[in-house]
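Listed below are the residues making up each chain.
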Amino acid sequence: MSQPDSHFHFASAPVSWGIGDIPDAAWQALPYERVLDEIAAAGYSGTELGPYGYFPTDAGVLSRALAARRLTMLSSFVPVPLSNPQAADSVVQHIRKVGSLLAALGAHVLVLADAQSPARVRLAGRVPVDGSQSLRSEQWRQVGRMVAEVERAAAEFGLGLVFHPHVATYVETPAEVERFFEAVSATRTGLCLDTGHCVYGGGDPLDEARKYRPLLRYIHIKDIDAPTLGKVRRQVLDFGQAVAAGVFSQVGRGCIGFAEFFRWLQAEDYSGWLIVEQDVKYGETAVAPLESMRLSLDYLKSVVASLGTSTSQAASR
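Residues numbered from 1 in each chain as written. Predicted model: local features only at pLDDT ≥ 70, side-chain atom pairs only at ≥ 80, totals over all residues. Heavy atoms only, no water.

Enquirer: Help me get a handle on the pattern of salt bridges, residues and values and all.
Expert: Tallied over the full model, the rule gives 13 salt bridges. Close ionic contact of Arg34 with Glu38 constitutes a salt bridge, the shortest N to O distance being 3.2 Å. One end of the pair, Arg34, and the other, Glu38, are both in helix α2 (residues 32-41), four residues apart, so they sit about a helical turn from each other. With relative accessibility at 14%, the residue Glu38 sits in the buried group. Linking Lys222 and Asp194 is a salt bridge whose minimum nitrogen-to-oxygen distance equals 2.2 Å. With Lys222 in the loop between β8 (216-221) and β9 (223-224) and Asp194 in strand β7 (residues 190-194), the pair connects residues that are 28 residues apart, well separated along the chain. A single salt-bridge network, built from bridges that share partners, covers Asp194, Lys222, Glu277 and Asp279. (Salt bridge = Lys/Arg side-chain N within 4 Å of Asp/Glu carboxyl O. Helix = DSSP H or I, 4+ residues; strand = E, 2+ residues; numbered from the N terminus. Buried < 20%, exposed > 50% of the residue type's maximum accessible area, 1.4 Å probe, protein only.)

Here it is, written out as structure tokens:
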């Protein structure tokens, strides 16, 4: 399926239904057909793969499921332990497995992230600014080597590589994002800016977008509930507890200034996909995914309409 002919293209992802990286109760309770049905019903025209193995890994089966719902497969979020040299072989094998499926489905992007670690899960949103809990110089060099290997593996399948700074990993804060891009400067790795994770990690999405404009190739749209984030920091909650508590809000109900953000995107002629998400914990976060994702898209359409730019969804639904 071809990409819609419009300025902004909105998609979603299984994470908004609570489908996490590791098989759990959500994987058992939510058939993939239901998640795809609800992504389409909420008004989106594309999806990410989610964790490998949740959607069918048979490209033919998944392709037919997507086509039946008029959904485009865009990418896959792939977290790996970037600073662990012992993991290099298994990481590359996994990238090739995911890459092969994405290529068969016509996707063009692989979204890389550092894997969450227990130490950083506990520190989420409270990483010391002095760098005492960040990677050391040799670990950053290993990150550069690992990303170069991942980039080569992804390129075997025609996939461009973008990196997603993520809460509860060693690339969370603006300072760590800067160190990351210094470490991978010999590669062509782009930025996947996640607006919600950026705020949670102490950054400003518009500032980061401006700073990395030449590298900005992909965007995850999330919102943050500021009072909940304040509570998370005061009560020293870890990342899982924060997600369960609703630190990520329905888009438009949080603290992020999306009108200004989209105004800047329009001025910069950004015309890529935007993946609308709300990190939730299945069975614990008080949210109805279909309703929340539909209302999030309605809000974003209104923001875009106020700029005088229509979306493919607004034109076709």
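More follows now that the structure is in view.
Enquirer: Can you break down α2 residue by residue, with the values?
Expert: Every buried residue of α2 is listed here: Tyr32, Val35, Leu36, Glu38, Ile39 and Ala40. Each element contacted by the buried residues of α2 is listed here: β2 (46-47), α3 (59-68) and α13 (289-306). A positive phi of about 110 degrees marks Gly43, the residue just after α2. (Contact = heavy atoms within 4.5 Å.)

Enquirer: Run through the confidence of the model for the protein chain, naming residues and quoting values.
Expert: On average, residues of the protein chain score 94 in pLDDT, and 95% of them reach the 70 mark or higher. The model gives residues 1-5 a pLDDT under 50, and that stretch makes eleven contacts with residues more than four places away or in other chains. Note that pLDDT drops below 50 for residues 309-317; the model gives that stretch 26 contacts with residues more than four away or on any other chain. (pLDDT = per-residue confidence, 0-100.)

Enquirer: I'd like to hear about the nonpolar core, residue by residue, with values.
Expert: The biggest cluster of nonpolar side chains holds 93 residues, and the ones touching the most others in it are Phe10, Phe180, Tyr200, Ile221, Phe261, Phe262 and Leu265. Within the second largest apolar cluster, twelve residues are counted, among which are Ala13, Leu74, Ala113 and Tyr218. (Core = buried A, V, L, I, M, F, W, Y, C linked by side-chain atoms within 4.5 Å.)

Enquirer: Which residues make up the sheet that holds strand β4 (residues 77-80), and what values do they have?
Expert: Strand order across the open sheet formed by seven strands is β1-β11-β8-β7-β6-β5-β4, with parallel pairing between neighbours. Among the strands making up the open sheet, the edge pair consists of β1 (9-11) and β4. Looking at each pair of strands side by side, their axes are set apart by 30 degrees on average, direction ignored. Judged from the two bridges that link them, strand β6 (residues 160-163) and β7 form a sheet pairing that is parallel. Of the residues in β7, the one forming a bridge with Phe163 is Leu191. Against the sheet, helix α12 (residues 258-267) touches β1, β7, β8 and β11 (273-276), its axis set at about 160 degrees to β8. (Pairing = 2+ DSSP bridges. Axes fitted to C-alpha atoms, helices over the stretch in contact; angles between N-to-C directions.)

Enquirer: Describe the side chain of Ser16, and please don't skip the residues or the numbers.
Expert: With respect to the secondary-structure elements, Ser16 resides in the loop between β1 and α1 (25-29). In this view, Ser16 contacts Val276, Glu277, Gln278, Val280, Pro289 and Met293; residues no more than four positions away in its chain are not counted.

Enquirer: Which residues make up the packing of aromatic side chains, and what values go with them?
Expert: Aromatic ring pairs are defined here through the distance separating the ring centres and the angle between the ring planes. Counted by the stated rule, this structure contains 13 aromatic pairs. With a centroid separation of 6.0 Å and an interplanar angle of 35 degrees, the aromatic rings of Tyr200 and Phe248 are classed as tilted. One end of the pair, Tyr200, is in helix α8 (residues 195-200); the other, Phe248, is in strand β10 (residues 248-249), with 48 residues separating them in the sequence. Note on Tyr200: relative accessible area 0%, which makes it buried. Grouped by ring-pair contacts, the aromatic residues Phe8, Phe10, Phe261 and Phe262 constitute a single cluster. (Phe/Tyr/Trp six-rings, centres within 6.5 Å; stacked < 30°, edge-to-face > 60°.)

Enquirer: Describe the state of the cysteines, listing the residues and the values that go with them.
Expert: This structure, assessed with the given rule, holds zero disulfides. Of all cysteine sulfurs in the structure, the one in Cys198 sits closest to Cys192, which takes part in no disulfide; the separation is 11 Å. Assessed through its relative accessible area of 0%, Cys192 is described here as buried. Unpaired in terms of disulfides, Cys198 finds its nearest cysteine sulfur in Cys255, a separation of 11 Å. (Disulfide = S-S within 2.5 Å.)

Enquirer: Let's hear about the environment of Asp207: which residues, and what values?
Expert: The residue Asp207 is located in helix α9 (residues 205-211) in this model. When its relative accessible area of 44% is taken as the criterion, Asp207 is described as partly exposed. Asp207 sits 73 residues away from Ser134 along the chain, and the two C-alpha atoms are 22 Å apart.

Enquirer: Explain the packing of helix α4 (residues 88-104) against helix α6 (residues 137-155) to me, using residue names and the numbers behind them.
Expert: Axes are the key here: two packed helices are described by the angle between their axes and the distance separating the axes. Here α4 crosses α6 at 30 degrees, and the two axes come no closer than 9 Å. Here α4 lies roughly parallel to α6, going by the angle between them. Like other packed secondary-structure pairs, α4 and α6 cross with a definite hand, here right-handed. Contact residues: Ala88, Val91, Val92, Ile95 and Arg96 in α4; Met146, Glu149, Val150, Ala153 and Ala154 in α6. (Parallel < 35°, antiparallel > 145°, perpendicular 65-115°, else oblique. Left-handed = near helix turned anticlockwise from the far one by under 90°.)

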